Amino acid sequence: MEKRTPSTIGRANKANVLHLIKEHGPMSRASVARTLNMSRSTISSLVDQLINEGRIREGATGQSTSAGGRRPVYLNYVASAKYALGIDIGGSKTIAMITDLDGNVVVRRKFQSHASEMNSMDHILREVQDVIRSSGISPIQIIGTGIGFPGVTSADEGVVVQAPGLHLDQFPATSFFRSLPGDVWVDNDVNMGVIGERWKGAAQGQDNVVLIAVGTGIGAGLILGGKVYRGGRGYAGEIGHLHIDPFTTAPKLSLGDYGPLEQMASGQGMEQLALAKMKDFPDTSLTPEDVSVPLLFEAAKRGDTLARDVLQQATTYLAFSIANIVTLLNPDIVILGGGVSRVGRPLIDELATGVARLSPVPCKIVLAGLGEDAAAFGGAATVLLQAGELRLTGFDDALVERGT
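Please read these numbers as outputs of a predicted model, since none were measured by experiment.

A closer look at the overall build of the protein chain
Assigned secondary structure in the protein chain consists of twelve helices and 15 strands. In terms of its C-alpha atoms, the protein chain occupies a principal-axis envelope of roughly 85 × 55 × 40 Å. A burial count over the protein chain gives 48% of its 404 residues as buried. Summed over all atoms, the accessible surface of the protein chain reaches about 19,400 Å², with 50% contributed by carbon and sulfur. Distance from the positive charge centre (37 side chains) to the negative charge centre (41 side chains) of the protein chain: 9 Å.

Rendered as structure tokens:
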């Protein structure tokens, strides 16, 4: 914990005033003082500072009490005082988003991650810089940049260890993107996604969350006790490497390879399995040219035996893996995201039934609430969290000045 000094206590008190007005305002100075159990003179000083900084503004005037006296002036939080930039870099598409302090989207752009005329990272940087220019927001007002990458990432070092879809290996991401506004924060895209879902999506109000992203690969983002859990070296959540058949001797794989679970239950794994089994199901309506996850689910609903066989195998492996995660971590909620999740209700129902059968620990399983924007929201939220502009778990009670 930060050492208690007059300076740190003052910063904490000021932050508590700001967040109280943000979450429960408009409210008067007297209400703020009562709620935080602080002296009115201290509150008045902190409020004046926040007004001068443009963080809050005075609004409507309330009614006097029955005893008379001055009418209270209500204080309002100013969400547009600052902004955050969130970027989700995918293997094929990138989403750049600028939000205000409340998570309202000011500008959003989706574009191709690769360009024929230049290096992909140079191309993405140029596109993001254009997003900032076209937003009409001064870079000085953007307090930081949060970027999610589809691969193994060291958030502490700001390095993308491996991202095969982008052909990156030991890429110094924080250094490369340093020309973007404010401090630059880098993380795995699924970690960014679970932060986004906790902030504005399906996990609001939950402090123990597992986001499972099923797309070309499979990964998990973990929030445990209200904090993102990354593990000792930042590799937590690489569940695509879970071993799903203990009687099979699997080859040794690196983190850049597709793991055992990914090979059987990712979108690419399902498609490859369908192609491999097609010769054994001569009556299937599917052809090699139209094999995709959505078509597999549509064909299964029509009774296609190949599609049913592939999906039963994939969902069984997924349910088996999720049940073990639920039993181990006891999350409040499991969120299913990624491209495969767009299948929607049929997939959720199948997995929920399997997990309930396999795990004695009850857990709610839901679809992601932010869709493809989860990691971009998470990037913006990461900036706000690091800057102390956002709290997902309440007040900093440790440094509050007590008074009357």
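Back to the text.
So, the sheet that holds strand β4 (residues 93–100)
Ordered in space as β5-β4-β3-β6-β10, the five strands form an open sheet in which the pairing is mixed. This sheet does not close on itself; its edge strands, each paired only once, are β5 (105–112) and β10 (183–188). Averaged over all neighbouring strand pairs, the angle between strand axes comes to 15 degrees, with direction disregarded. Strand contacts of helix α4 (residues 120–135): β3 (83–89), β4, β5 and β6 (142–149), with the helix running at about 150 degrees to β5, the strand carrying the most contacts. Where helix α12 (residues 374–386) meets the sheet, it contacts β3, β4, β5, β6 and β10, and its direction lies at approximately 140 degrees from that of β3.

Some details on helix α1 (residues 6–24)
For α1, spanning 19 residues, the distance from its first C-alpha to its last is 27 Å, which sits close to the expected 27 Å at 1.5 Å a residue. Three or more residues of α1 are buried, namely Thr8, Ala12, Asn13, Ala15, Asn16, Val17, Leu18, His19, Leu20, Ile21 and Lys22. Contacts made by the buried residues of α1 are with α2 (29–36), α3 (40–52), β1 (56–61) and β2 (73–77).

Re the sheet that holds strand β15 (residues 364–367)
Read from one edge of the open sheet, five strands run β13-β12-β11-β14-β15, paired in mixed fashion. For this open sheet the edge positions go to β13 (227–228) and β15, each flanked by a neighbour on one side alone. With four bridges connecting them, strand β14 (residues 333–337) and β15 associate as parallel partners. Within β15, the residue paired with isoleucine 333 across the bridge is lysine 364. Across the sheet, helix α6 (residues 189–200) is in contact with β11 (209–214), β12 (218–224), β13 and β14; its angle to β12 comes to roughly 50 degrees.

Some words on the nonpolar core
With 43 residues, the main nonpolar core has Val17, Ile21, Val32, Ile43 and Trp199 as its most contacted residues. The contact partners of valine 17, leaving out residues within four places of it in the chain, are Val32, Leu36, Ile43, Leu46, Val47 and Leu50.

Topic: the packing of aromatic side chains
Using the criterion set out here, one finds five aromatic pairs in the structure. When the ring of phenylalanine 176 is compared with that of phenylalanine 177, the centres are 4.9 Å apart and the planes differ by 80 degrees; the resulting orientation is edge-to-face. For phenylalanine 176, a relative accessible area of 25% corresponds to the partly exposed category. Looking at phenylalanine 177, the relative accessible area reads 1%, which means it is buried. The rings of Phe149, Phe171, Phe176 and Phe177 are connected pair by pair, giving a single aromatic cluster.

Thoughts on helix α8 (residues 267–277)
Residues Gly267, Gly269, Met270, Leu273, Ala274 and Lys277 constitute the buried set of α8. With its buried residues spanning 165 degrees around the axis, α8 presents them on a single face. Buried residues in α8 make contact with β11, α7 (260–265), α9 (293–301) and α10 (305–329).

Examining the pattern of salt bridges
Considering all chains together, one arrives at 15 salt bridges under this definition. Among the salt bridges present, the one from arginine 109 reaches glutamate 127, with a minimum N-O distance of 3.2 Å. Of the two residues, arginine 109 is situated in strand β5 and glutamate 127 in helix α4; the sequence distance between them amounts to 18 residues. In this structure arginine 109 comes out as partly exposed when scored by relative accessible area, which is 23%. Residue class for glutamate 127 comes out buried when judged on its relative accessible area of 19%.

Overview of the packing of α6 against α12
For the pair α6 and α12, interaxial distance at closest approach is 6 Å and the crossing angle is 80 degrees. The pairing of α6 with α12 is recorded here as roughly perpendicular in orientation. Facing Asp189, Met192, Gly193, Ile195, Gly196, Glu197, Trp199 and Lys200 of α6, the residues of α12 in contact are Ala374, Ala375, Phe377, Gly378, Gly379, Ala380, Ala381, Thr382, Leu384 and Leu385. Grouping the amino acids of the contact of α6 with α12 by side-chain chemistry returns ten nonpolar, five polar and three charged.

Topic: the confidence of the model for the protein chain
The predicted model of the protein chain has a mean per-residue pLDDT of 88, with 93% of residues at 70 or higher. Within the model, pLDDT remains below 50 along residues 396–404, and this stretch shows 28 contacts once partners closer than five positions in the same chain are excluded.

Comments concerning unusual backbone geometry
The omega torsion of the bond from glycine 25 to proline 26 falls at 0 degrees, within 30 degrees of zero and hence cis. The residue proline 26 is located in the loop between α1 and α2 in this model. With phi around 60 degrees, histidine 167 is a residue other than glycine that occupies positive phi space. For histidine 167, the position within the fold is in the loop between β8 (159–163) and β9 (168–171). One non-glycine residue, glutamine 170, adopts positive backbone phi at about 55 degrees. Structurally, glutamine 170 is set in strand β9.

Reading the values: the criteria
- Residues numbered from 1 in each chain as written.
- Predicted model: local features only at pLDDT ≥ 70, side-chain atom pairs only at ≥ 80, totals over all residues.
- Heavy atoms only, no water.
- Helix = DSSP H or I, 4+ residues; strand = E, 2+ residues; numbered from the N terminus.
- Buried < 20%, exposed > 50% of the residue type's maximum accessible area, 1.4 Å probe, protein only.
- Areas by Shrake-Rupley, 256 points an atom, 1.4 Å probe, with all protein chains shown as cover.
- Lys, Arg positive; Asp, Glu negative; His and termini not counted.
- Charge placed at Lys NZ, Arg CZ, Asp CG, Glu CD.
- Pairing = 2+ DSSP bridges.
- Axes fitted to C-alpha atoms, helices over the stretch in contact; angles between N-to-C directions.
- Contact = heavy atoms within 4.5 Å.
- Expected span 1.5 Å × (residues − 1).
- Core = buried A, V, L, I, M, F, W, Y, C linked by side-chain atoms within 4.5 Å.
- Phe/Tyr/Trp six-rings, centres within 6.5 Å; stacked < 30°, edge-to-face > 60°.
- Arc of directions from axis to C-beta.
- Salt bridge = Lys/Arg side-chain N within 4 Å of Asp/Glu carboxyl O.
- Parallel < 35°, antiparallel > 145°, perpendicular 65-115°, else oblique.
- Nonpolar A, V, L, I, M, F, W, Y, C, P; charged D, E, K, R; others polar.
- pLDDT = per-residue confidence, 0-100.

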